[in-house]
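Understanding the architecture of this molecule
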Amino acid sequence: MSHLEIRPVERLERIEAWGMSSFSLAYAYHPTNYFGIMEALDAARAMEVTAAFEGGGNSYGDAFQNAEGVVIDLSRMDRVLKWDPNSGVIVCEPGVTIRRLWQHTIGDRWWPPVVSGTSNTTLGGALSANIHGKNNFRAGPIGEHVRRFDLLLPSGETRNCSPTENSDIFFAAIGGFGLLGAIVSIELQMKRINSGLVEVEARSVANWEDAFRAFESFEARDYVVGWIDCTKCGNGAGRGLLHAANYVEGDPHPEESLSVKSQEIPDTALGWFPRSKMYSVMRKFNTTRRMAFVNTLKFRSGRRESGKVYKTPLAEFNFLLDSAPNWKWAY
């Protein structure tokens, strides 16, 4: 029987990039354990095609595309295997999302050391892409905080990898996009926090020179993020609004801010408009002239905000992309 005759047509799925910029048809597998991954890899060998791994499906481009090949979706391998609230060390399967990760640990005063702009990223995907966050200039990418992981090779062997054991594989697989195999468990060092809040300072900047000076003045902060008006040219190019934040140490009521409920982003904006519908409003302004107008309004309102210091939940500060679900549809 040829490899063309044993292709499981019932497994063909349309695999689309999160950014909707590309798609392909592939043979999709959704394993829940080691044996399911091996089944998918064996199928790829039998069909004489390549295999690719998918996590939360949040890559803007074609990171997990594999036209007419096998795509192994690891999002169902989502168990927390071990948690030590004393040391802050957690062991997870690759499908655990950043959202589930912080929800599991925040009550014990621990937070992920590095997070993406959305909490829907899986830990395996985050490690494979070696993501950075708003604290990259201080904490580095997420790979800096991984203690060890188990890598399932296409041969069926499992290698335990750390900076001292199989270190060549350890450093190659972090940021390796699954090209060496499947990361099936991850041991991560979490960040100790004493509050679920960060203290934020806003600063308006008039141009790139102003922005770079502001970034330098914020180098001792825990987080820095900037919004830049990309429609502005000339002397005003680079104008925008920066937000620098520090972890709060003297929270009088940490038991409140460290609860999952206090971290949840509200379902409505302005207290009444469903966030799930925000993309429909954003879409109306998605032209060059209208966007320039919106950016001008935001910049002017940002100047009034500049210099103010306020406290906000860690989740709200870090997961800006979650505040407008399906914002990609605005495009």
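The structure contained in this document is the topic of the report that follows. Only a predicted model underlies this, so the values are computations on that prediction, with no experimental measurement involved.

Points about the sheet that holds strand β14 (residues 240–247)
Ordered by their spatial adjacency, four strands build an open sheet running β13-β14-β12-β17, and the pairing between neighbours is antiparallel. Unpaired on one side and paired on the other, β13 (223–228) and β17 (309–313) mark the two borders of the sheet. Strand-to-strand twist across the sheet, computed as the mean angle between neighbouring axes with direction ignored, equals 30°. Relative to the sheet, helix α6 (residues 208–217) contacts β12 (197–205), β13 and β14, its axis offset from that of β12 by approximately 150°.

Here's the deal with the environment of Arg-289
Here Arg-289 shows up in helix α10 (residues 288–305). Sequence separation of Arg-289 and Thr-231 is 58 residues, and the distance between their C-alpha atoms is 8.9 Å.

Looking at the packing of aromatic side chains
What characterises a pair of aromatic rings is the spacing of the ring centres plus the angle enclosed by the ring planes. Tallying each qualifying case throughout the model produces 15 aromatic pairs. Ring centres of Trp-102 and Trp-111 lie 5.7 Å apart, and the angle between their planes is 35°; on these two criteria the pair is classed as tilted. Considered together, Trp-102 and Trp-111 belong to a single accessibility category, that of buried residues. Within the aromatic cluster, the residues linked to one another by ring pairs are Trp-18, Tyr-60, Trp-327 and Tyr-331. One residue, Arg-14, lies across the ring of Phe-23, its end atom 3.7 Å from the ring centre. Looking at Lys-298, its charged tip hangs above the ring of Trp-227, at a distance of 5.3 Å from the centre.

Digging into unusual backbone geometry
Positive phi outside glycine occurs at Met-20, with the angle close to 60°. Topologically, Met-20 is positioned in the loop between β1 (12–16) and β2 (23–29). At Asn-130, a position not held by glycine, the phi torsion is positive, near 50°. By the secondary structure assignment, Asn-130 is in the loop between α3 (123–129) and α4 (136–139).

Considerations on the sheet that holds strand β3 (residues 51–54)
Reading across from one edge, β1-β2-β4-β3 is the order of the four strands in this open sheet, with mixed pairing throughout. Edge positions in the sheet fall to β1 and β3, since each has one partner strand and no second. The sheet shows a mean angle of 50° between the axes of neighbouring strands, direction not considered. Pairing analysis gives five bridges linking β1 to β2, with the strands arranged antiparallel. Residue pairing across strands places Glu-13 opposite Ala-26, the latter belonging to β2. Against the sheet, helix α1 (residues 34–47) contacts β2, β3 and β4 (70–73), and its axis sits at roughly 175° relative to β4.

Regarding α10
Helix length check: α10, at 18 residues, gives a terminal C-alpha distance of 25 Å against a target of 26 Å (1.5 Å per residue), a fit within 8%. Those residues of α10 not exposed but buried are Asn-295, Phe-299 and Gly-302. The arc that holds every buried residue of α10, seen down its axis, measures 65°, which confines them to one face. Set apart from the buried face of α10 by more than 90 degrees, the exposed residues are Arg-289, Phe-293 and Arg-304. In this fold, the buried residues of α10 make contact with β12, β13 and β14. A positive phi of about 90° marks Gly-307, the residue just after α10.

Details of a positive patch on the surface
Where like charges cluster on the molecular surface, the positive patch consists of Arg-300, Arg-303, Arg-304 and Lys-308. Turning to its location among the elements, Arg-304 is positioned in helix α10.

So, how was this worked out
Every chain begins its residue count from 1, and numbering advances along the sequence as written. Totals for whole chains, interfaces and linings use every residue, but because this is a predicted model, local features are given only for residues with pLDDT of at least 70 and side-chain atom pairs only at 80 or more, for both listing and counting. The side-chain quantities take in all heavy atoms of the structure and omit both hydrogens and water. Paired strands, in this sense, are two strands between which DSSP finds at least two bridges. Secondary structure counts use DSSP, requiring at least four H or I residues in a row for a helix and at least two E residues in a row for a strand, with both numbered from the N terminus. Geometry is summarised by axes, namely lines fitted to C-alpha atoms with helices restricted to the contacting stretch, and by angles between N-to-C directions that run from 0 to 180 degrees. The contact definition used throughout considers only heavy atoms, calling two residues in contact when any of these lie within 4.5 Å. Pairs were defined over the aromatic rings of Phe, Tyr and Trp, the Trp ring being its six-membered one, requiring ring centres within 6.5 Å. Orientation was assigned from the angle between planes: stacked under 30 degrees, edge-to-face over 60, tilted for the rest. Burial classes: relative accessible area under 20% of the type maximum marks a residue as buried, over 50% as exposed, and values in between as partly exposed (1.4 Å probe, protein chains only). Our definition puts a charge over a ring when NZ of Lys or CZ of Arg is within 6 Å of the ring centre and also within 35 degrees of the ring normal. Helix span is expected to be 1.5 Å times the residue number reduced by one. The directions from the helix axis to the C-beta atoms form the arc being described. Residues enter patches when their relative accessible area tops 30% and they take part in no salt bridge; the joining distance is 9 Å for like charges and 5 Å for the nonpolar side chains Val, Leu, Ile, Met, Phe, Trp and Tyr. For every accessible area listed, the method is Shrake-Rupley and the probe measures 1.4 Å; residues are considered covered only by the protein chains on display. Definition used for salt bridges: Asp or Glu carboxyl oxygen within 4 Å of a side-chain nitrogen of Lys or Arg. Only four residue types enter the charge count, namely Lys and Arg as positive and Asp and Glu as negative; His and the chain termini do not. By convention, charge coordinates are those of NZ in Lys, CZ in Arg, CG in Asp, or CD in Glu.

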